[in-house]
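# What the coordinates show
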Amino acid sequence: SAPSAAGGLVGRLFGRAPERAEEPRRALDDAMLEELEDMLVQADLGVETALRVSANIAEGRMGRRVSSTELKELLAGEIARIMTPVARPMPLYPKTPQVVLVVGVNGSGKTTTIGKLASQFKAAGKKVVIAAGDTFRAAAVEQLQVWGKRADVPVMVAAQGSDPASLAFDAMTRAEADGADLLLIDTAGRLQNRQDLMEELAKIVRVIRKKDPSAPHNTLLVLDATTGQNALSQVETFRKLADVSGLVMTKLDGTARGGVLVALADRFGLPIHAIGVGEQIDDLDAFDANDFARALVG
Ligand code: GDP
């Protein structure tokens with residue numbers, strides 16, 4: 001279920017000769033390096049990361065003749081090296097309820113991800129409560145209720161347009177009273193008015209901290225992997241709005257190009273807690289650096 005659209009990345013540098021008994025080889029020279037850099041940029045790694053990865057591959061190997069298989073292995077190794085430190089599941093803390101604030105632009109997959117997370121944690125024996133903190137979007141609240149039913153997890157809602165912070169406070173009270181292990185809080189994702197959103201998120205955090213100074217324990221930023229380089233600016237934006245502790249990358253199924261994950265890991269080093277690989281409740285996987293690297297290289 002790992003991304004594959006960038007597959008054949010390396011193959012394209014060599015051309016195809018399936019009938020030949022021996023694999024074609026090419027000298028690792030400036031021309032080839034430049035092609036490699038271009039391919040990596042096209043695969044969404046971003047210029048900076050593409051240059052660094054290419055330089056690491058070239059180091060000590062210039063002029064050497066390499067086969068497609070060798071180059072694939074080198075490239076997969078470089079990518080896995082960047083991705084391994086960020087491939088970390090969301091940490092679970094002894095303090096309960098563990099408060100997980102979920103942020104991201106509308107459409108990134110927040111609601112869906114919360115539903116999937118609730119289902120996974122429930123299956124792992126955790127007691128989960130969801131708070132529908134995007135109180136302005138009626139559709140988001142309804143969707144979250146649908147996911148809550150699917151996951152068999154209670155969803156706290158408030159009247160449309162009411163204060164998300166007071167909902168968060170009520171949800172904390174409920175989660176504590178229920179002896180819940182986890183409270184997943186959805187938030188608004190309208191970036192049109194950043195000042196409003198920043199104040200809204202800050203107020204939610206302030207109110208939660210009145211109940212538990214150590215909360216929120218996680219602030220997950222949900223990013224749509226198909227938005228390519230946009231994901232980078234979304235991280236920059238949301239890090240100013242909230243204390244982002246980890247990422248969930250959605251829509252890595254189908255034709256999604258996953259190259260931007262390498263750029264994200266290289267630039268920010270934020271843990272990738274999970275990847276969304278479809279629209280169904282079980283379509284949330286742990287992020288595996290080696291599988292990812294192999295799939296990306298093709
Ligand atoms: P929100 O506005 O951030 O809450 O986003 P939603 O959770 O409503 O998701 C927006 C759209 O993306 C919906 O149509 C979801 O079914 C879809 N979606 C979410 N996650 C994934 C995923 O991992 N893969 C695919 N293919 N679609 C997804």
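Below or above, wherever it landed, is the structure these notes cover. In this text, all values refer to a predicted model and were calculated from it rather than measured experimentally.

The next subject is the site of the ligand. Around the ligand there are 17 residues in total, and Gly107, Thr111, Thr112, Asp253 and Glu279 lie nearest to it. In the model, an oxygen atom of the ligand is placed 2.9 Å from a nitrogen or oxygen of the glycine 109 main chain. The contact in question runs from an oxygen atom of the ligand to an N or O atom on the side chain of threonine 112, over 2.6 Å. Protein chains shield 79% of the accessible area of the ligand, which is 580 Å² for the free molecule. At 4 residues, helix H5 (residues 110-123) tops the list of elements feeding residues into the shell around the ligand. Of the residues assigned to the shell around the ligand, the class counts are 2 nonpolar, 9 polar and 6 charged.

Residues Val41, Val47 and Leu51 make up a contiguous nonpolar surface patch of about 240 Å² in total accessible area. Relative to the assigned elements, valine 47 resides in helix H3 (residues 47-58). Owing to a relative accessible area of 52%, valine 47 belongs among the exposed residues under this scheme.

Moving on: the pattern of salt bridges. Enumeration according to the criterion identifies 14 salt bridges in this entry. Across the pair glutamate 70 and arginine 25 runs a salt bridge whose closest N-O atoms are separated by 3.2 Å. You can see glutamate 70 sitting in helix H4 (residues 68-83) and its partner arginine 25 sitting in strand E1 (residues 25-27), a full 45 residues away along the chain. Its relative accessible area of 32% is what places glutamate 70 among the partly exposed residues. Across the pair glutamate 236 and arginine 267 runs a salt bridge, and its minimum N-O distance is 3.1 Å. You can see glutamate 236 sitting in helix H9 (residues 230-241) and its partner arginine 267 sitting in helix H10 (residues 259-268), a full 31 residues away along the chain.

Within the secondary structure layout, threonine 219 lies in strand E7 (residues 218-224). Overall, threonine 219 belongs to the buried group, its relative accessible area being 4%. Non-local contacts of threonine 219, meaning those with residues more than four positions away in its chain, are made with Leu101, Val103, Ala242, Asp243, Val244, Ser245 and Gly246.

In contact at an axis separation of 9 Å, H5 and helix H6 (residues 138-151) are set at 20 degrees when each is read in the N-to-C sense. Relative to H6, the element H5 lies roughly parallel. The handedness of the crossing between H5 and H6 is right-handed. On H6, the residues touching Thr111, Thr112, Ile114, Gly115, Lys116, Ala118, Ser119 and Lys122 of H5 are Ala140, Gln143, Leu144, Trp147 and Ala151. Looking at the contact of H5 with H6, its residues break down into 6 nonpolar, 5 polar and 2 charged.

Moving on, we get to the side chain of lysine 116. Turning to its location among the elements, lysine 116 is positioned in helix H5. No salt bridge is formed by the buried lysine 116; its nearest oppositely charged neighbour, aspartate 283, is found at 5.5 Å. Once you skip the residues sitting within four places of it in the chain, lysine 116 turns out to touch Trp147, Gly276, Val277, Gly278, Gln280, Ile281, Asp283 and Leu284.

What follows is about the sheet that holds strand E5 (residues 155-156). Spatially, 8 strands are ordered E5-E4-E6-E3-E7-E8-E9-E10 in an open sheet, and the strand pairing comes out mixed. On the outer flanks of this sheet lie E5 and strand E10 (284-285), each paired with one strand and no other. Across 5 bridges, the pairing between E7 and strand E8 (residues 246-250) is parallel. Pairing of valine 222 across the sheet is with valine 248, part of E8. Its contacts with the sheet put helix H7 (residues 164-178) on strand E3 (98-103), strand E4 (128-131), E5 and strand E6 (182-186), and the angle it makes with E4 is roughly 170 degrees. Against the sheet, H10 engages E7, E8 and strand E9 (272-276), with an angle of about 170 degrees to E8.

The subject of this paragraph is the environment of isoleucine 79. Within the fold, isoleucine 79 resides in helix H4. Assessed through its relative accessible area of 0%, isoleucine 79 is described here as buried. Those residues in contact with isoleucine 79 that lie beyond four places of it in its chain are Val262, Phe292, Ala293, Leu296 and Val297.

Definitions and limits used
Residues numbered from 1 in each chain as written. Predicted model: local features only at pLDDT ≥ 70, side-chain atom pairs only at ≥ 80, totals over all residues. Heavy atoms only, no water. Near = heavy atom within 4 Å. Polar contact = N/O pair within 3.5 Å; in protein donor to acceptor, adjacent residues only side chain to side chain. Areas by Shrake-Rupley, 256 points an atom, 1.4 Å probe, with all protein chains shown as cover. Helix = DSSP H or I, 4+ residues; strand = E, 2+ residues; numbered from the N terminus. Nonpolar A, V, L, I, M, F, W, Y, C, P; charged D, E, K, R; others polar. Patch = residues over 30% accessible without salt bridge, like charges linked within 9 Å, V, L, I, M, F, W, Y side chains within 5 Å. Salt bridge = Lys/Arg side-chain N within 4 Å of Asp/Glu carboxyl O. Buried < 20%, exposed > 50% of the residue type's maximum accessible area, 1.4 Å probe, protein only. Contact = heavy atoms within 4.5 Å. Axes fitted to C-alpha atoms, helices over the stretch in contact; angles between N-to-C directions. Parallel < 35°, antiparallel > 145°, perpendicular 65-115°, else oblique. Left-handed = near helix turned anticlockwise from the far one by under 90°. Lys, Arg positive; Asp, Glu negative; His and termini not counted. Pairing = 2+ DSSP bridges.

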